[in-house]
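# Structure assessment
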Amino acid sequence: MANLEYNAKTGEPFLRLAPPFSNFIITPPRIEDDVDASVEIMNDPFVYKWMGRTTPYNAELAERWIRTVKVETDAAVEKLKGATEPGSALSACPVRHMREELADGKTVFVGDVGLVRSGWTEIVDAEERARLVAANAARLAGDPEIVWHIGYYLAPGQQGRGLMTAAVKRMIEFGVAWMNVKYIKSSAFEGNHGSLKVQQKNGFVEVDKLVDHVQVGEERRTLVLMEWRAGTRVDDTDLAYG
Ligand SMILES: CC(C)(COP(=O)(O)OP(=O)(O)OC[C@H]1O[C@@H](n2cnc3c(N)ncnc32)[C@H](O)[C@@H]1OP(=O)(O)O)[C@@H](O)C(=O)NCCC(=O)NCCS
C-alpha cells in the first residue's frame, strides 16, 4: 500500500506507517515546527556522531537546510494535485519529515527520511561528482535509470524499536509506486550498526567499503557503500518490493 492521505485542515499530504507504527506519519517539512526540533535532535552526540558533523547545529543552519529541501518537496506536492493513488511518475518525493501523532491531534517532529536523487557525496573529485549529479538531475520523471539515495536520522527517544526500518520500507514502497524507483544508493560509517541494519533489513547489500575515506574532525572514517535494486526480496516477506 503506497497511498497518500491529506490533512483535512491544511491539505498537507502524508504517508502513514503500517501498524504497529500507525501513529507515525511522513509529511513535507514545516519550517515553523521543524527548525528547533531538528536542532535538538541533531545536537545529540549519538546522532551527530553518525551524521559526519563535529560542530554544533543551530537554528540558522537548520532553517537553511529545511528551506532547501522544501523547494523539492513543495514542487512534488504541486505536481500531486491532490492525488491519493499513483499516476504519472513524480520527479521527486513530496514527503520526508517524520512525525508522531499525539492523542490530542498535535504532531511532534521525530526525524527525517529523505529519498532524493543521489549526490554522489562519496566521490572526492568535485568535477566528476558534479558531472554525475547533473546527468542524474537531468533525467525525466519516471526514468528507470535515475539513481536515488536514502538518508535518515531519528530522535534518540524513538530509536531501537524498529521505527526507521518501517519508515524506510514505507518510503521505498512509495518511491517504487509513485516515482518508478529502481535503484537506491546509501551509505553509513563503519560501526554504525543501527543504520547498516536498517538498510540490510530493507534489502540493501554492501557493495564497497572506502577505508579511511571521510575526514570528520580529527578522525578519518571508513564509509560502507550500500545499494538496493528493484526486485529485491528479503527474508521477511512483508519487506518484499516490486
Ligand atoms: C540509524 C537510526 C536511524 C536507526 O533507527 P532505529 O529506528 O533506531 O532503527 P531500528 O529500530 O529500525 O533498528 C534496526 C536494527 O538495527 C539494530 N540497531 C538499532 N540501533 C542499533 C545500535 N545502536 N547498535 C546496534 N544495533 C542497532 C536494531 O536492533 C534492529 O535490529 P533487529 O531488528 O535485528 O533487532 C538511528 O539509530 C539514528 O538516528 N542514528 C543516528 C543518526 C544516523 O546514524 N543516521 C544514519 C546515518 S547513515
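Below you will find a few notes about this structure. (Residues numbered from 1 in each chain as written. Predicted model: local features only at pLDDT ≥ 70, side-chain atom pairs only at ≥ 80, totals over all residues. Heavy atoms only, no water.)

The environment of the ligand is made up of 23 residues, and the closest members are Gly-160, Gly-162, Thr-165, Lys-197 and Lys-201. Note that an oxygen atom of the ligand is positioned 3.2 Å from one of the side-chain N or O atoms of Gln-159. Taken by itself the ligand offers 920 Å² of open surface, and the protein chains cover 75% of this. With six residues, the top contributor of residues to the shell around the ligand is helix α6 (residues 193-201). Here the shell around the ligand is composed, by residue class, of eleven nonpolar, nine polar and three charged. (Near = heavy atom within 4 Å. Polar contact = N/O pair within 3.5 Å; in protein donor to acceptor, adjacent residues only side chain to side chain. Areas by Shrake-Rupley, 256 points an atom, 1.4 Å probe, with all protein chains shown as cover. Helix = DSSP H or I, 4+ residues; strand = E, 2+ residues; numbered from the N terminus. Nonpolar A, V, L, I, M, F, W, Y, C, P; charged D, E, K, R; others polar.)

This paragraph deals with the sheet that holds strand β6 (residues 148-154). Read from one edge of the open sheet, nine strands run β1-β2-β3-β4-β5-β6-β7-β9-β8, paired in mixed fashion. Edge strands, defined here as strands with exactly one partner in the open sheet, are β1 (5-6) and β8 (205-216). Across five bridges, strand β4 (residues 97-101) lies against strand β5 (residues 107-117) in antiparallel orientation. Counted as the bridge partner of Arg-99 is Phe-109 from β5. Along the sheet, helix α1 (residues 31-42) makes contact with β4, β5 and β6, crossing β5 at roughly 85°. (Pairing = 2+ DSSP bridges. Contact = heavy atoms within 4.5 Å. Axes fitted to C-alpha atoms, helices over the stretch in contact; angles between N-to-C directions.)

Further remarks concern the pairing of strand β9 (residues 219-229). Most of β9 sits out of view: eight of its eleven residues are buried. Pairing geometry for strand β7 (residues 183-189) and β9, over seven bridges, is antiparallel. Bridge pairing in β9 places Ala-188 opposite Val-224. Where β8 and β9 come together, eight bridges link them in antiparallel fashion. Bridge pairing links Gln-215 to Arg-220 in β9. Between β8 and β9, which pair antiparallel one after the other, the connecting turn spans two residues, and Gly-217 there sits at a positive phi close to 60°. (Buried < 20%, exposed > 50% of the residue type's maximum accessible area, 1.4 Å probe, protein only.)

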